[in-house]
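# Report on the structure
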Amino acid sequence: IANNFISKIRGDGWSTITSDAIVGIRILSPSSGINIYNNSVKLDDLITRSSTADLSAALYIHSGATKMNVKNNILINKIENTTGVAKAYSIFSDAPTSAYLSINNNNYFVGGPEGVFGRIPGVIDVMSLMEWRNFTGQDQLSINMEPEFVDSTNLHLTINPINTCLNQAAMPLA
């Protein structure tokens, strides 16, 4: 899965992350040897479902996934439920750390009152990049910042000082 711009996904929200929830890239089980490279996912719509458990994620990895490589992605989730309660994750992983051969040089960002950095196995929310690094033992060159794109559907980065830390920050792929 490489070189994609994913944005403007709409839905009413849902509590089942493996099927009906709003997700930019969803890796289901059994999946092995999948490479997720150079994608930009920006979820930033409003949902209006009076629920107390809506979930969304820029990237979801199922518990049965193995041998994953996740590099050079921008994963943003700023979805907000205006009438209920939700959690908007940048990355949601039901997979153990052993599922990742390599995960690095990614930019993770969440915003809004329902933004939660990530989720790890055991139904544990992580609130920061440091906590995520502690879980994966990787992602040492990943960052947490909101980039500026050309517009809401053209996810090329603008020439702007705010994007300096992303410019030339990707890991070369063989």
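Residues numbered from 1 in each chain as written. Predicted model: local features only at pLDDT ≥ 70, side-chain atom pairs only at ≥ 80, totals over all residues. Heavy atoms only, no water.

### Focus on the side chain of Asn 69
- Its place among the elements puts Asn 69 in strand β9 (residues 68-71).
- Of note is the side chain of Asn 69, whose polar atom sits 3.4 Å from the backbone nitrogen of Ser 102.
- What Asn 69 contacts, discounting residues up to four positions off in sequence, is Ile 34, Asn 35, Ile 36, Tyr 37, Leu 101 and Ser 102. (Helix = DSSP H or I, 4+ residues; strand = E, 2+ residues; numbered from the N terminus. Polar contact = N/O pair within 3.5 Å; in protein donor to acceptor, adjacent residues only side chain to side chain. Contact = heavy atoms within 4.5 Å.)

### A closer look at the sheet that holds strand β2 (residues 22-27)
- Pairing is mixed in the open sheet, where 5 strands are placed in the order β2-β7-β12-β15-β16. Here the strands that pair on one side only, and so sit at the sheet edges, are β2 and β16 (124-126). Here the average twist between neighbouring strands, direction ignored, is 35°.
- With 3 bridges joining them, strand β15 (residues 115-120) and β16 adopt antiparallel strand pairing. When the sheet's bridge partners are listed, Arg 119 is paired in β16 with Asp 125. (Pairing = 2+ DSSP bridges. Axes fitted to C-alpha atoms, helices over the stretch in contact; angles between N-to-C directions.)

### Notes on empty space enclosed by the protein
- Evaluation of the coordinates by the stated rule reveals 1 cavity of 30 Å³ or more.
- Its volume calculated, the largest cavity comes out at about 40 Å³.
- Lining the largest cavity are Gly 13, Trp 14, Ile 22, Ile 47, Asp 54, Leu 55, Ser 56, Ile 79, Ala 86, Lys 87 and Ala 88.
- Those elements that provide at least two residues to the lining of the largest cavity are β7 (54-61) and β12 (86-93).
- Residue composition of the lining of the largest cavity, grouped by class: 7 nonpolar, 2 polar and 2 charged. (1 Å grid on protein atoms, 1.4 Å probe; cavity = no way out; pocket = protein on both sides within 12 Å on 5 of 7 lines; lining within 4 Å. Points joined across faces, edges and corners; volume = space filled by probe spheres on them. Nonpolar A, V, L, I, M, F, W, Y, C, P; charged D, E, K, R; others polar.)

### A closer look at the pairing of β2
- Burial of β2 is extensive: 5 of the 6 residues sit out of reach of the surface.
- In this sheet, β7 lies alongside β2 in parallel orientation, the contact comprising 5 bridges. Directly across from Arg 26, in β7, lies its bridge partner Tyr 60. (Buried < 20%, exposed > 50% of the residue type's maximum accessible area, 1.4 Å probe, protein only.)

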